[in-house]
Each structure stands twice: as C-alpha cells, then as structure tokens.
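# Report on the structure
Take a look at the letters that make up each chain.
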Amino acid sequence: VRVGMEFAFRCLNCPPFPLLLPVFLTGSDRIPIYGMSSLRIVIQSTTSGEQYLPVAHTCYNLLDLPKYSSKEILSARLMQAIDHYEGFSLA
C-alpha cells in the first residue's frame, strides 16, 4: 500500500515541517511581501522509487513527492531532503 497524498498533507502539518517546509520549497527564509496567504504551494506525486528524496522546484513552489510505502519513510525522506537543503546564498 502506497502512502496517499492525504497523509502527505497531514505529515507536512506536523512539527517540524510547517517551519522548515516554506524555506525548502521557496528557497527563501523571508515572508512573501503579500503575506503567507499569497504563497501557492503545489505538491505533485512522482513515479520515482522510494529510495529517492522529495525535490523542491523553488522557482515554482513545487514539491515532487515520490510514492512511499509507509508514513515513516515519507517523513524520514522529507526530513533528509530538508536537512540537506542549501538554499540560495549571496554571500
């Protein structure tokens, strides 16, 4: 049984993801000029295997989320992707 998108949304609302996910998805630690309600995030399922990490396309606020076989794997892979996020550095 593959973990569905419904669980993915619930997982993304559990700590620590609400604090970390916007930075991971947008590439910025700043609140948008029109506020967080103006931020449109798209999460799409991919056919890549569960050994792959989620991928953020920061220009489009798009998250490619592979179909994982368990909630634990989804959470671990997402945390691993966020932990290895480097962002954009101008320094």
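Residues numbered from 1 in each chain as written. Predicted model: local features only at pLDDT ≥ 70, side-chain atom pairs only at ≥ 80, totals over all residues. Heavy atoms only, no water.

Once that is clear, we can look at the overall build of the chain. Counting secondary structure elements, the chain contains 3 helices and 3 strands. Ordered by position in the sequence, the α and β elements of the chain form the string α-α-β-β-β-α. For the chain, buried positions account for 32% of its 91 residues. Relative to all contacts within the chain whose residues are 6 or more apart in sequence, the contacts with residues 24 or more apart total 53%. Counting only carbon and sulfur atoms, one obtains 58% of the accessible surface of the chain, whose full area is about 6200 Å². (Helix = DSSP H or I, 4+ residues; strand = E, 2+ residues; numbered from the N terminus. Buried < 20%, exposed > 50% of the residue type's maximum accessible area, 1.4 Å probe, protein only. Contact = heavy atoms within 4.5 Å. Areas by Shrake-Rupley, 256 points an atom, 1.4 Å probe, with all protein chains shown as cover.)

What follows concerns the UniProt feature "active site" (unreviewed entry) in the chain. The UniProt feature table records "active site" (unreviewed entry) at Cys59. Its place among the elements puts Cys59 in the loop between β2 (55–57) and β3 (62–66). A relative accessible area of 70% places Cys59 in the exposed class. (UniProt positions renumbered as here; feature names shortened; annotations may be inferred.)

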